[in-house]
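The lines below spell out each chain.
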Amino acid sequence: ALHVLIVSADRSLLRQGALMLEEFGVRVTACSSAEHGRRVLVGQAVDFLLLDENIVGKDLSAIEAWKQSPGDEHVHLLL
């Protein structure tokens with residue numbers, strides 16, 4: 001199954017996003033802070049990262065840092 005990491009400070013967005021994706025059999029990890037999201041990204045294989053733009057603001061270098069993943073894994077990023 002696909003593993004999606006959702007990172008947003010908006011807890012209702014996390015809940016709704018997780019419920020919708022889980023209905024389709026997607027494994028979801030939801031994080032409400034950037035720090036927790038980065039720990040998950042480093043510690044687990046993630047296929048897609050759904051990142052609330054409010055987590056990184058307009059800092060493009062921060063977005064690029066999120067795209068870097070450990071090992072040979074490639075993470076698809078959606079803002």
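In what follows, the accompanying structure is described. (Residues numbered from 1 in each chain as written. Predicted model: local features only at pLDDT ≥ 70, side-chain atom pairs only at ≥ 80, totals over all residues. Heavy atoms only, no water.)

Attention shifts here to the pattern of salt bridges. Across all of its chains, the model carries 1 salt bridge by this definition. Residues Arg 39 and Glu 35 are paired through a salt bridge, measuring 2.9 Å at the closest nitrogen-oxygen approach. Separated by 4 residues within a single helix, Arg 39 and Glu 35 lie in helix α2 (residues 34-43), roughly one turn from each other. (Salt bridge = Lys/Arg side-chain N within 4 Å of Asp/Glu carboxyl O. Helix = DSSP H or I, 4+ residues; strand = E, 2+ residues; numbered from the N terminus.)

Moving on, we get to the side chain of Thr 29. You can see Thr 29 is positioned in strand β2 (residues 27-31). Excluding residues that lie within four positions of it along the chain, Thr 29 makes contacts with His 3, Val 4, Leu 5, Ile 6, Val 40 and Gln 44. (Contact = heavy atoms within 4.5 Å.)

Taking 1.5 Å per residue, 13 residues should reach 18 Å; helix α1 (residues 11-23) reaches 18 Å between its end C-alpha atoms and fits that length. When α1 is considered as a whole, its buried residues turn out to be Leu 14, Gly 17, Ala 18 and Leu 21. Projected down its long axis, α1 carries its buried residues within an arc of 100 degrees, all on one side. Looking at α1, the residues exposed on the side facing more than 90 degrees away from the buried face are Arg 15, Gln 16, Leu 19 and Glu 23. Those residues of α1 hidden inside the fold are in contact with β1 (3-7), β2 and β3 (48-51). At the exit of α1 stands Gly 25, carrying a positive phi of roughly 80 degrees. (Expected span 1.5 Å × (residues − 1). Buried < 20%, exposed > 50% of the residue type's maximum accessible area, 1.4 Å probe, protein only. Arc of directions from axis to C-beta.)

In terms of nonpolar packing, the biggest core is built from 9 residues, these being Leu 5, Val 7, Cys 31, Val 40, Leu 41, Val 46, Leu 49, Leu 51 and Val 56. Counting 7 residues, the second-largest nonpolar core is a separate cluster that includes Ile 6, Leu 14, Ala 18 and Val 28. (Core = buried A, V, L, I, M, F, W, Y, C linked by side-chain atoms within 4.5 Å.)

Further remarks concern the environment of Phe 24. Secondary-structure assignment places Phe 24 in the loop between α1 and β2. Its relative accessible area of 69% is what places Phe 24 among the exposed residues. Considering only alpha carbons, one finds Phe 24 and Ala 1, 23 residues apart in sequence, at a separation of 9.8 Å.

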